[in-house]
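Understanding the architecture of this molecule
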Amino acid sequence: MTGKDLKEKYPLLFSNNPMEPIFIFGLEIEDGWLPLIDILCNRMYAKIRAFDTSFYQKSLLEDGLDEAKKEYLKNKINTSQKEYKKYIKNMPVFTQIKEKFGTLRIYTSQLDPYIEGMIEMAEDMSEHICEKCGNKGRLYTINWHKTLCDTHADERYGDKARIFRETN
Ligand SMILES: [Zn+2]
């Protein structure tokens, strides 16, 4: 999985504004956090999927529907499509996804308390996930802040990583 894959999988969530960092740089993180972003995107898409009208559209094709039922289904489809358009227009989209002080930071075009809550949880989770490989990690504050698993911390910091673990 790459950042580009996620953009293709959830196109509605990424800003198309050419001035935004996400448009220019893509995801400014290493691959270990991509599954976390994937889960976040999937949850955000649940809101979009809630407007899906295919069930009603299929029901409308059933034989022997009386007028009242048809009217009901058409109304459902209509309302849902209107609400979808309204939601999409005001929906927060990612403007930047990056690492800062060793943890994940996600910025959006607008604030929505429900989505903000999910983003904050993903950001908090990133402090326990190796940014390189996705294994269990911890936030190392040796010279620079970075969340890494033991293996990748040893690779990067050598003996300093072991000492950090013993003293933190
Ligand atoms: Zn790792």
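Residues numbered from 1 in each chain as written. Predicted model: local features only at pLDDT ≥ 70, side-chain atom pairs only at ≥ 80, totals over all residues.

Pairing analysis gives five bridges linking strand 3 (residues 138–142) to strand 4 (residues 144–148), with the strands arranged antiparallel. Within strand 4, the residue paired with Ile-142 across the bridge is Trp-144. Taking the residues that link successive antiparallel strands as the turn, the strand 3-strand 4 hairpin has one residue, and the phi of Asn-143 there is positive, at about 60°. (Pairing = 2+ DSSP bridges. Helix = DSSP H or I, 4+ residues; strand = E, 2+ residues; numbered from the N terminus.)

So, on to the domain arrangement of the chain. In terms of domains, the chain is made up of domain 1 (1–129) and domain 2 (130–168). Taken over C-alpha atoms, the centre of domain 1 sits 32 Å from the centre of domain 2. Contacts between the two partners involve 13 residues from domain 1, matched on the other side by eleven residues from domain 2. For the side of domain 1 that touches domain 2, the class distribution of residues is five nonpolar, five polar and three charged. (Domains from an automatic or database assignment. Contact = placed C-beta atoms within 7 Å. Nonpolar A, V, L, I, M, F, W, Y, C, P; charged D, E, K, R; others polar.)

The next subject is the nonpolar core. The biggest cluster of nonpolar side chains holds 22 residues, and the ones touching the most others in it are Ile-37, Leu-40, Cys-41, Phe-94, Ile-97 and Ile-106. If you list the elements that add at least two residues to this core, you get helix 3 (34–49), strand 1 (94–100), strand 2 (103–108) and helix 6 (113–125). Among the elements that make up this core, the one with the highest residue count is helix 3 (four residues). The two domains that each donate at least three residues to this core are domain 1 (1–129) and domain 2 (130–168). Not counting the four nearest positions on each side in its chain, Leu-40 is found in contact with Met-118, Ile-119 and Ala-122. (Core = buried A, V, L, I, M, F, W, Y, C linked by C-beta atoms within 7 Å. Buried ≥ 20, exposed ≤ 12 C-beta atoms within 10 Å, placed from the backbone.)

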